[in-house]
Amino acid sequence: MGELVADYFLKRLREWDVHRIYGYPGDGINAFLGALDRADGDPDFIQARHEEMAAFMACGHAKFAGSDALGVCMATSGPGAIHLLNGLYDAKLDHVPVVAIVGQQKRSSLGSHYQQEVDLQVLFKDVSEFVQVCMDPAQARHLVDRACRIALDHRGVCTIIVPNDVAELKAVESPPRTHGSVYSSVGYRRPRVLPQEHDIQHAAEILNEGEKVAMLVGQGARCAAEELERVADLLGAGVAKALLGKDVLADDLPYVTGAIGLLGSIPSYDMIENCDTLLMVGTSFPYAEFLPKEGQARCVEIDISAGMIGIRYPADVQLIGDAKETLKALEPHLVRKEDRGWREQIEEGVRDWWDIVERRSMMDADPMNPQRVVHELSQVLPEDAIITADSGSSTNWYARQLKLRKGNLASLSGTLATMVPGVPYAIAAKFAHPGRPVICFVGDGAFQMLGMNEMLTVKRYMERWHDKRLVFCVFNNQDLNQVTWEQRVMEGDPKFPATQWLPNFDYAAYAELCGLKGIFCDDGDRMRSAWEEALAADRPVVLEVKTDPEIPPLPPHIRLEQAEEMAKAMVKGDPERTGVMEKSLRGKLVEFTQHLKS
């Protein structure tokens, strides 16, 4: 039969070091399915339960498999292609390299209002850095090469649309040497990008002059941990972390203040409120109310992208360059601050914060405090564990209570903040690192939405993982809890059960039905042993924790308008007002008593 265009696509992807494709079949990609069969497992096709989950898995793969890893997903035309979009937007907004290969109707039928015909170029135009239709076999080579290279270089999404009749044609290895033909090549190595030397010197002057230096780091600093630690020591600075940068530095470093923002910590808030100099590295943290007031602090910012620098806080010096290389170039110009008073103040605040975290986690609740679920994991967290989180109230506990160690990897949907990716991220992380334990935090809303279906995917592939430690921790509070709290605090509206209430479900029993291990826990005193049991299991686990929806995700600082809106919600007759007010007060009381102690 000879090699088809579909076979050639897979061959070229292998040359780009792509050995796994996440997807779901459909007749628009029939030729690719046959080619995958002939490929004998390279690339390996991982069948998700839904195309959206396949796109999230491709995003998760790129996040966890290495700094230059490329995620690839595949779907059929029309409905399958549409389903990819949420996962692809997650990759776009978090700057993750993903290539989507999408089927299309035959070329002769396009424009005829044919069944499942969708204008895919228009559909994918916004989400993609590069989108193109393969109309001729001679295009395949340069379309694959351009898509892979642009995705890696721009750290975004690229889409190749392949009509099914083109995929079935005989492949063209090398286009004819005629006018209009192009010849492309495989390969990409991230360039060494450094700012101008005089900008580095100017930045050093500002940082050396600062008396109260704060650092804010994001995922763009992930490969620069050693440099960040040395620079923080020289500057006597504390380091706050944007949510996507949670694993950049370990949480047990005494000057790491933790998360920032509504889901952030008190020491991060205090440090930013009182600093006179700000060094931002690889972050696009967007919330102005948690950054210094304009004019309060001089700012040096480091980012690899000119399009992402100087857009959050007025920067006195914008250092466009790779975080690691730029910090290396900056370090020799920095003078170690002899006055360590600012640093000591930060470290004291961090110690107090972890005391607050523990005391809040140990507060009684009905039936169990969700904060304790994550706090107890911190006590037994394996040093090589990978943690994924979903979007919801459990994200608060991930941000605040989880104490990452050096060597841990962690991520979530940081910018799109969509529900559902926690589960597919975890599955992709397990494929990328089959010998490492993977833990997922997911709310019952996201698990019911799409997550629980993927337990069938876990069952199908779990024998491939020689280390079976894969734990899905489902926070069962029968409430779309994050939105409930946002209704109260932002809108002054009480909880509306018609939109917020979730049906109860036995997630642990469902896991057993799927051939996994199910563990149920509704007692804080048993939580640590439940984690130990889950991490010692001989197969993947659904750890269902029955938690109290009335535990407030207290921000680091309650503004007057937030308190006023909360009071309005309670006065209007919130169905949980008694418990909400009592537990909110107790949570703040822990903070006040810690302040008095220190």
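See the structure above.
Every chain begins its residue count from 1, and numbering advances along the sequence as written. The predicted nature of this model means local features are confined to residues of pLDDT at least 70 and side-chain atom pairs, given and counted, to a pLDDT of 80 or more, with totals for whole chains, interfaces and linings taken over all residues. The side-chain values count all of the structure's non-hydrogen atoms but skip hydrogen atoms and water molecules.

Draft legend 1. Spatial organisation of the overall build of the chain. Strands here are runs of E lasting at least two residues and helices are runs of H or I lasting at least four, both read from the DSSP assignment and numbered beginning at the N terminus. Counting its secondary structure elements, the chain contains 24 helices and 18 strands. Only the C-alpha atoms count toward the radius of gyration. The rule for a globule is 2.2 Å times the residue count to the power 0.38. Since a compact globule built from 598 residues should have a radius of gyration of about 25 Å, the 25 Å found for the chain is in line with a globular shape. The dimensions of the chain, computed from C-alpha atoms along their principal axes, are 80 × 60 × 45 Å. Each residue's exposure class comes from its accessible area (1.4 Å probe, protein chains only) as a fraction of the maximum for that residue type: buried when under 20%, exposed when over 50%, partly exposed otherwise. Evaluated residue by residue, the chain yields a buried proportion of 59% over its 598 residues. Looking at the chain alone, contacts between residues at least 24 apart form 75% of all its contacts between residues at least 6 apart. Here, Shrake-Rupley sampling with a 1.4 Å probe gives the accessible areas, and only protein chains in the shown set may cover a residue. Total accessible area on the chain stands at roughly 23600 Å², and carbon and sulfur atoms take up 50% of it. Each charge sign in the chain was given a centre, from 64 positive and 87 negative side chains, and these centres are 3 Å apart. By definition in these notes, contact holds between two residues if any of their heavy atoms fall within 4.5 Å. We score Asp and Glu as negative and Lys and Arg as positive, and we do not count His or the chain ends. By convention, the point assigned to a charge is CZ for Arg, NZ for Lys, CD for Glu and CG for Asp.

Draft legend 2. Layout of the nonpolar core. Leu-88, Val-98, Phe-124, Phe-447, Met-455 and Phe-472 are the most contacted members of the largest nonpolar core, which totals 60 residues. No other element matches the 9 residues that helix H3 (residues 51-64) contributes to this core. Non-local contacts of Phe-447, meaning those with residues more than four positions away in its chain, are made with Val-423, Val-442, Met-452, Met-455, Val-474, Tyr-507 and Val-542. Nonpolar cores are built from buried Ala, Val, Leu, Ile, Met, Phe, Trp, Tyr and Cys residues. Side-chain atoms within 4.5 Å join them into one set. In terms of nonpolar packing, the next biggest core, distinct from the first, is built from 37 residues, Ala-31, Phe-45, Ile-101 and Cys-134 among them.

Draft legend 3. Spotlight on the environment of Gly-41. Note that Gly-41 resides in the loop between helix H2 (30-38) and strand E2 (44-47). On the basis of relative accessibility, which here comes to 41%, the residue Gly-41 falls in the partly exposed class. Gly-41 sits 22 residues away from His-19 along the chain, and the two C-alpha atoms are 8.3 Å apart.

Draft legend 4. Fine view of the sheet that holds strand E5 (residues 128-133). A pair of strands is considered paired only if DSSP assigns at least 2 bridges between the two. Strands sit in the order E2-E1-E3-E4-E6-E5 across an open sheet of 6 strands; the sheet is parallel. Edge positions in the open sheet fall to E2 and E5, since each of these has one partner strand only. The sheet shows a mean angle of 25° between the axes of neighbouring strands, direction not considered. In this structure, strand E3 (residues 71-75) lies alongside strand E4 (residues 98-104), joined through 5 bridges in parallel fashion. Its bridge partner lying in E4, Ala-75 is registered against Val-102. Each axis is a line fitted through C-alpha atoms, and for a helix only the stretch in contact is used; angles between axes span 0 to 180 degrees, taken between their N-to-C directions.

Draft legend 5. Spatial organisation of the state of the cysteines. Cysteine sulfur atoms that come within 2.5 Å of each other are treated as a disulfide pair. All told, the structure shown has 0 disulfides when counted by the stated rule. Cys-440 provides the cysteine sulfur closest to Cys-514, a residue in no disulfide bond, and the two sulfurs are 15 Å apart.

Draft legend 6. Region of interest: the sheet that holds strand E8 (residues 238-241). Strand order in the open sheet made by the 6 strands is E9-E8-E7-E10-E11-E12, with parallel pairing throughout. Unpaired on one side and paired on the other, strand E9 (256-259) and strand E12 (317-320) mark the two borders of the sheet. Neighbouring strand axes in the sheet, compared pairwise and without regard to direction, differ in orientation by 15° on average. Where strand E7 (residues 213-217) lies against strand E10 (residues 277-281), 5 bridges are found, and the strand directions are parallel. Residue pairing across strands places Val-213 opposite Thr-277, the latter belonging to E10. The sheet strands contacting helix H9 (residues 197-209) are E7, E10, strand E11 (298-303) and E12, and the helix crosses E12 at an angle near 130°.

Draft legend 7. Here's a closer look at unusual backbone geometry. Between Asp-42 and Pro-43 the backbone carries a cis peptide bond, its omega angle lying at 5°. Topologically, Pro-43 is positioned in the loop between H2 and E2. For the bond from Asp-366 to Pro-367, the omega torsion is 0°, close enough to zero to count as cis. Structurally, the position occupied by Pro-367 is in the loop between helix H13 (341-361) and helix H14 (370-380). In the Ramachandran plot, His-113 falls in the positive-phi region, its phi being about 60° despite a non-glycine side chain.

Draft legend 8. Focus on empty space enclosed by the protein. For cavity detection a 1 Å grid was placed over the protein atoms alone, and a set of points counts as a cavity when a 1.4 Å probe fits there but cannot get out; an open set counts as a pocket when protein lies on both sides within 12 Å along at least five of seven lines, with lining residues being those that have an atom within 4 Å of a point. Grid points are joined across faces, edges and corners, and a volume is the space filled by probe spheres set on the points. For the coordinates displayed, the defined rule picks out 4 cavities of 30 Å³ or more. Of the voids in this model, the largest cavity is the one considered here, and its volume is about 90 Å³. Lining the largest cavity are 14 residues, with Arg-360, Gln-371, Trp-397, Pro-552 and Leu-554 sitting closest to its centre. Breaking the lining of the largest cavity down by element, the ones donating at least two residues are H13, helix H15 (393-400) and helix H24 (577-597). In this classification, the charged set is Asp, Glu, Lys and Arg, the nonpolar set is Ala, Val, Leu, Ile, Met, Phe, Trp, Tyr, Cys and Pro, and all remaining amino acids, among them Gly, are polar. Considered class by class, the residues forming the lining of the largest cavity number 8 nonpolar, 3 polar and 3 charged.

Draft legend 9. Structural view of the side chain of Ser-584. Following the sequence through the fold, Ser-584 ends up in helix H24. Think of a polar contact as two N or O atoms within 3.5 Å of one another; within protein, one of them needs to be a possible hydrogen donor and the other a possible acceptor, and neighboring residues in sequence only count if both atoms come from side chains. Engagement of the side chain of Ser-584 in a polar contact is seen with the backbone oxygen of Val-580, the distance being 2.7 Å. When residues no more than four places from it in sequence are discounted, the contact partners of Ser-584 are Trp-485, Pro-552, Leu-554 and Met-566.

Draft legend 10. Local environment of the environment of Val-300. Summarising the element assignment, Val-300 is placed in strand E11. A relative accessible area of 0% means that Val-300 is categorised as buried. Sequence separation between Val-300 and Val-317 is 17 residues, and the spatial gap between their C-alpha atoms is 5.0 Å. In this structure, Val-300 is in contact with Ala-203, Ile-206, Leu-207, Leu-278, Leu-279, Met-280, Val-317 and Leu-319, ignoring residues within four places of it in sequence.

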